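Summary of structural features
Take a look at the letters that make up each chain.
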Amino acid sequence: SIWTLLIVLKTIHELFYTEPESHFAVPATFALIAFIPGLVMLSARINNDVLAIPLAFLSLYYLQRWWRTLRMRDWIFCIIAAALCILSKSNGLLLLPIAFGCLLIRHGVRPRMIRDAIIGILLVTTIAGWYSAWRMSSETQQDLIVGNTSTLNSGLAVDNSAITYITFNPVALVRIP
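What you see is a predicted model; the values in this text were computed from it and never measured. (Residues numbered from 1 in each chain as written. Predicted model: local features only at pLDDT ≥ 70, side-chain atom pairs only at ≥ 80, totals over all residues. Heavy atoms only, no water.)

Another aspect to go through is the packing of aromatic side chains. Within this structure, the stated rule accounts for six aromatic pairs. Plain terms: the ring middles of Tyr61 and Tyr62 are 5.0 Å apart, the flat faces sit at 70 degrees to each other, and that makes the pair edge-to-face. Of the two residues, Tyr61 and Tyr62, both sit in the buried class. Three or more aromatic residues link up through ring pairs in this structure, and these residues are Trp66, Trp67, Trp75 and Phe100. Residue placement shows Arg106 over the ring face of Trp67; its charged tip is 4.9 Å from the ring centre. (Phe/Tyr/Trp six-rings, centres within 6.5 Å; stacked < 30°, edge-to-face > 60°. Buried < 20%, exposed > 50% of the residue type's maximum accessible area, 1.4 Å probe, protein only. Lys NZ or Arg CZ within 6 Å of the ring centre and 35° of its normal.)

In structure tokens form, the structure reads like this:
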């Protein structure tokens, strides 16, 4: 999606655009990311990856910004983006160990790290924790994280065979995303 590419461009610009000779690194890296097949295919399909991927990149953008500046605002935005990503797709949970691991590495076990960790945990619990608690306590408790497989239209079903996972046919993908 375009939103993802803009976030990645901003991140690349902040990371690599520090010296005049690095001008080529920004467009080259952006061009590589713009044509990653996974991003193109996910944007062409109806799923929640379309929202989760930009939010994950946004969280990583604010994490790298926080790493350089140590501003509380960047830490808060990183955690908010990660929590919103968790609401969109449970894969967003993988952002939390990265963020809190960076927090531990950057500060060590000090009062500032403990304060920032508590703020992060409170934000994640407030934004995304209610949904997990609601799902666990609901009457329709599911054994799997993915719960919408039984409610999808049968026309969206994909055959679960080895050939489905190893075939790469871009023409067929463009014809029927």
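Past the structure itself, the notes keep going.
Turning next to unusual backbone geometry. You will see that Leu70, though not glycine, has its phi angle at about 60 degrees, which is positive. With respect to the helices, strands and loops of the structure, Leu70 is situated in the loop between helix 4 (49-69) and helix 5 (72-88). A relative accessible area of 24% means that Leu70 is categorised as partly exposed. (Helix = DSSP H or I, 4+ residues; strand = E, 2+ residues; numbered from the N terminus.)

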